[in-house]
Amino acid sequence: MKSATNLTPEFVSDSTAQLAPETAPSNTIVLQPKGCLGGIAVLDFQINLEQALERATLRVVVDLQQVDGVAPEGIAALVRGLELAAILGKSIVFHAMDLASSKDLRAEWRSSREICFGPWGDLFDRELDQFFAGEMLRQLPC
């Protein structure tokens, strides 16, 4: 039986495999979908991803090494996973994602964030930067 302090990740190797309902919490759960992440397979994958995020105590790793391609509905499922991870205060890591899927995921995430929060810019006031720079200098030992 796995405990919340167990460092051994739980693996779900097929996107159609379900997590066992009696699975105890684990720090990390690794999902390893195979083939194309699109069509009907996305529904099963999304269920697994949501279950994994609810059960993992820290993070879920989605290992995409054996995925041949990610369709737009697969990208949408990954974005929903990001949103759920943020709500639950957990991390989600996408391992071995191809460049095109990574760009599509970033674009979809940005679009989703703008829909929820409006235009988003990570801008800081120059005075704030100067304040923090001054605070850091004051904290340095002489």
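A few points on the structure.

### Focus: helix α2 (residues 72–88)
Thinking step 1. Taking 1.5 Å per residue as the helical rise, α2 with its 17 residues ought to reach 24 Å, and the 24 Å between its terminal C-alpha atoms agrees with that figure.
Thinking step 2. Within α2, burial applies to Gly74, Ile75, Ala76, Ala77, Leu78, Val79, Gly81, Leu82 and Ala85.
Thinking step 3. In the core, the buried residues of α2 are packed alongside β3 (35–37), α1 (40–55), β5 (67–70), β6 (91–95) and α3 (99–117).
Thinking step 4. Following α2 by one or two positions, Gly89 adopts a phi angle in the positive range, close to 70°.

### Considering the packing of α2 against α3
Thinking step 1. Running from amino to carboxyl end, α2 crosses α3 at an angle of 55°, the nearest separation of the two axes being 9 Å. As judged from the angle between their axes, α2 and α3 are oblique. Seen along the crossing, α2 lies across α3 with a hand that is right-handed. Together, Ile75, Leu78, Val79, Leu82 and Glu83 of α2 and Ser101, Asp104, Leu105, Glu108, Trp109 and Ser112 of α3 make up the contact between the two elements.
Thinking step 2. Partitioning the contact of α2 with α3 into residue classes produces six nonpolar, two polar and three charged.

### A short note on the nonpolar core
For soluble globular proteins, nonpolar side chains are generally found buried alongside one another.
Thinking step 1. Core analysis: the largest hydrophobic core is formed by 23 residues, its most contacted members being Leu31, Phe45, Leu49, Val60, Val62 and Leu105.
Thinking step 2. At the level of secondary structure, the elements contributing two or more residues to this core comprise β2 (26–31), α1, β4 (56–63), β5 and α2.
Thinking step 3. The biggest single contributor to this core is α2, with six residues.
Thinking step 4. Beyond its immediate sequence surroundings of up to four residues, Val60 is in contact with Ile29, Leu31, Leu49, Ala52, Leu53, Ser91, Ile92 and Val93.

### Some remarks on the pairing of β2
Thinking step 1. Among the six residues in β2, six count as buried, and that is most of the element.
Thinking step 2. With five bridges joining them, β2 and β4 adopt parallel strand pairing. Paired with Leu31 across the bridge in β4 is Val62.

### With respect to the layout of surface pockets
Thinking step 1. Size it by volume and the largest pocket reaches roughly 180 Å³.
Thinking step 2. Surrounding the largest pocket, Leu82, Ile92, Phe94, Met97, Ser102, Leu105, Arg106 and Trp109 form its lining.
Thinking step 3. Those elements that provide at least two residues to the lining of the largest pocket are β6 and α3.
Thinking step 4. When residues in the lining of the largest pocket are grouped by element, the largest group, four residues, is from α3.

### Details of unusual backbone geometry
Thinking step 1. If you check the backbone angles, Ala96 has positive phi at about 60° while not being a glycine.
Thinking step 2. If you trace the backbone, Ala96 turns up in the loop between β6 and α3.
Thinking step 3. What makes Ala96 partly exposed here is its relative accessible area of 39%.

### Overview of the pairing of β4
Thinking step 1. With five bridges connecting them, β4 and β6 associate as parallel partners. Looking across to β6, one finds that Val60 is bridged to Ile92.

### A look at the side chain of Thr28
Thinking step 1. Relative to the elements of secondary structure, Thr28 occurs in strand β2.
Thinking step 2. On the accessibility criterion, Thr28 (12% relative accessible area) is buried.
Thinking step 3. There is a polar contact of 2.6 Å between the side chain of Thr28 and the side chain of Arg59.

Quick notes on the rules
- Residues numbered from 1 in each chain as written.
- Predicted model: local features only at pLDDT ≥ 70, side-chain atom pairs only at ≥ 80, totals over all residues.
- Heavy atoms only, no water.
- Helix = DSSP H or I, 4+ residues; strand = E, 2+ residues; numbered from the N terminus.
- Expected span 1.5 Å × (residues − 1).
- Buried < 20%, exposed > 50% of the residue type's maximum accessible area, 1.4 Å probe, protein only.
- Contact = heavy atoms within 4.5 Å.
- Axes fitted to C-alpha atoms, helices over the stretch in contact; angles between N-to-C directions.
- Parallel < 35°, antiparallel > 145°, perpendicular 65-115°, else oblique.
- Left-handed = near helix turned anticlockwise from the far one by under 90°.
- Nonpolar A, V, L, I, M, F, W, Y, C, P; charged D, E, K, R; others polar.
- Core = buried A, V, L, I, M, F, W, Y, C linked by side-chain atoms within 4.5 Å.
- Pairing = 2+ DSSP bridges.
- 1 Å grid on protein atoms, 1.4 Å probe; cavity = no way out; pocket = protein on both sides within 12 Å on 5 of 7 lines; lining within 4 Å.
- Points joined across faces, edges and corners; volume = space filled by probe spheres on them.
- Polar contact = N/O pair within 3.5 Å; in protein donor to acceptor, adjacent residues only side chain to side chain.

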